[in-house]
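# Residue-level structure breakdown
Residues per chain, in single letters:
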Amino acid sequence: MLRLLLLASSWFLHPPEEREMTERMVPAGYHGNYWGPAATQGRKDGLLPPIALTPQMQRWDSWGRENLRSGDIVFRMGDARVARGWFPMSRFLANASNSKFSHTGVVVVEDGEPVVYDTTRTSVARQPFCVWILDNVGNFGVKRLRPEHRDKIPQVVAYLHDVFNRQVPFDYELGLNDDALYCVELTEKAFRHAGLKLSDPIRLGDMERANEFPVQMLGIAAASRWALDTPLTFEQEVFFPGNERHGIWSSPRLQEVVAPTFTPGYPFMADHGVPRVVSSAN
């Protein structure tokens, strides 16, 4: 019994790492959004150290420069955690919504380099694609606007630049207003700004596999009562990465560039090379 208690106490006192890989890249003592406008400019001006690329990151950078275009939507399975790292929120929402993904971002090619606009725990972020992919721990996929809609891409990019420069904060309450944004909401609203609705929000209680996770669902609702000003409820409508039936992945305005079966981050942080681009993306 004592041995069991010691093992349990060790497990409790040493929670899993709460930070994702890109959060671990932030220098000790740095305050603010390391992927925000000030830090981005600081790296350009030499006030912050440049991003050091590993061989794996260099391979992704080359792949992105060759295959990604402005307006592409990148999907990944993230590992964002709450409760000091004990609860894998990203994986839970992906599983409950029956999706291979938990996260989306939008690509913009700037000075020949593909960068991804999405959100961090603080606000809107801009990361080189080869950095963004480091937070992938499972499936990865890419979708692109169909040719008849691509004239709207400049408007999508303008929206991304605007919310990035204004540093709109992260939306922990998953609301549908524009005061704060979470990653999938940012993606959806960027395209809606250009007059292109990609998907409809879904009630948390209507997620395809929500009934398989009653304890987690009730736990999240209960925890949000003291953690958030506006607690989450099963009636809350949320945008999701989705699958073939719902969410952004299902949008008829998009075509597939990389299928959702490529898993460069599974098992955790495994390196499976780079994906094949499907023919329909041409």
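Thresholds applied
Residues numbered from 1 in each chain as written. Predicted model: local features only at pLDDT ≥ 70, side-chain atom pairs only at ≥ 80, totals over all residues. Heavy atoms only, no water. Helix = DSSP H or I, 4+ residues; strand = E, 2+ residues; numbered from the N terminus. Contact = heavy atoms within 4.5 Å. Areas by Shrake-Rupley, 256 points an atom, 1.4 Å probe, with all protein chains shown as cover. Pairing = 2+ DSSP bridges. Axes fitted to C-alpha atoms, helices over the stretch in contact; angles between N-to-C directions. Core = buried A, V, L, I, M, F, W, Y, C linked by side-chain atoms within 4.5 Å. Buried < 20%, exposed > 50% of the residue type's maximum accessible area, 1.4 Å probe, protein only. pLDDT = per-residue confidence, 0-100. Arc of directions from axis to C-beta. Parallel < 35°, antiparallel > 145°, perpendicular 65-115°, else oblique. Left-handed = near helix turned anticlockwise from the far one by under 90°. Nonpolar A, V, L, I, M, F, W, Y, C, P; charged D, E, K, R; others polar.

## Describing the overall build of the chain
- Counting its regular elements, the chain contains 9 helices and 8 strands.
- Within the chain, counting contacts between residues at least 6 apart in sequence, those at least 24 apart form 71% of the total.
- About 13,900 Å² of surface is accessible on the chain, with carbon and sulfur atoms providing 57% of the total.

## Quick look at the sheet that holds strand β1 (residues 73-76)
- Here 6 strands make up an open sheet; going across it, the order is β4-β3-β2-β1-β5-β8 and the pairing antiparallel. The open sheet terminates on both sides in strands that have one partner only, identified here as β4 (124-128) and β8 (254-262). Within the sheet, the average angular offset between the axes of one strand and its neighbour, ignoring direction, is 25°.
- Across 5 bridges, the pairing between strand β3 (residues 113-119) and β4 is antiparallel.

## A closer look at the nonpolar core
- Counting residues in each nonpolar core, the largest one holds 45 residues, and the members touching the most others are L160 and F191.
- Among the elements of the structure, β1, α5 (89-96), β2 (103-110), β3, α7 (153-166), α8 (183-193) and α9 (214-227) are those that each provide at least two residues to this core.
- For this core, the element with the most residues is α7, which contributes 7 residues.
- Discounting chain neighbours no more than four positions away, the residues touching F191 are G71, I73, V106, L145, V156, L196 and L198.
- Among the nonpolar cores identified, the runner-up in size contains 23 residues, and L48, W63, I133 and V142 belong to it.

## Section: the side chain of Q127
- Mapped onto the elements of the fold, Q127 is located in strand β4.
- Since its relative accessible area comes to 2%, Q127 is described here as buried.
- Dropping the residues within four chain positions of it, Q127 is found in contact with T22, W35, V115, V116 and W132.

## Quick word on the confidence of the model for the chain
- Predicted confidence across the chain gives a mean pLDDT of 89, with 90% of residues reaching 70 or more.
- Within the model, pLDDT remains below 50 along residues 4-12, and this stretch shows 2 contacts once partners closer than five positions in the same chain are excluded.

## Digging into the environment of Q155
- Relative to the elements of secondary structure, Q155 occurs in helix α7.
- According to the relative accessible area criterion, Q155 is partly exposed, its value standing at 35%.
- Through-space distance from the C-alpha of Q155 to that of G71 is 9.7 Å; in sequence the pair is 84 residues apart.
- Leaving out residues up to four positions away in the same chain, Q155 has contacts with H193 and A194.

## Focus on helix α3 (residues 37-44)
- Of all the positions in α3, only A39, T40, G42 and R43 are classed as buried. The buried residues of α3 occupy one face: seen down the axis, they fall within an arc of 160°. Exposed residues lying more than 90 degrees from the buried face of α3 are A38 and K44.
- Close packing links the buried residues of α3 with β4 and α7.

## Things to note about the packing of α7 against α8
- Two elements in contact, α7 and α8, have axes whose closest approach is 7 Å; the angle formed by their N-to-C orientations is 130°. On the basis of the axis angle, α7 is oblique to α8. When the axes of α7 and α8 are compared, the crossing they make is right-handed. Residue-level contacts link Q155, V156, Y159, L160 and V163 of α7 to L186, K189, A190, F191 and H193 of α8.
- A per-class count over the contact of α7 with α8 returns 7 nonpolar, 2 polar and 1 charged.

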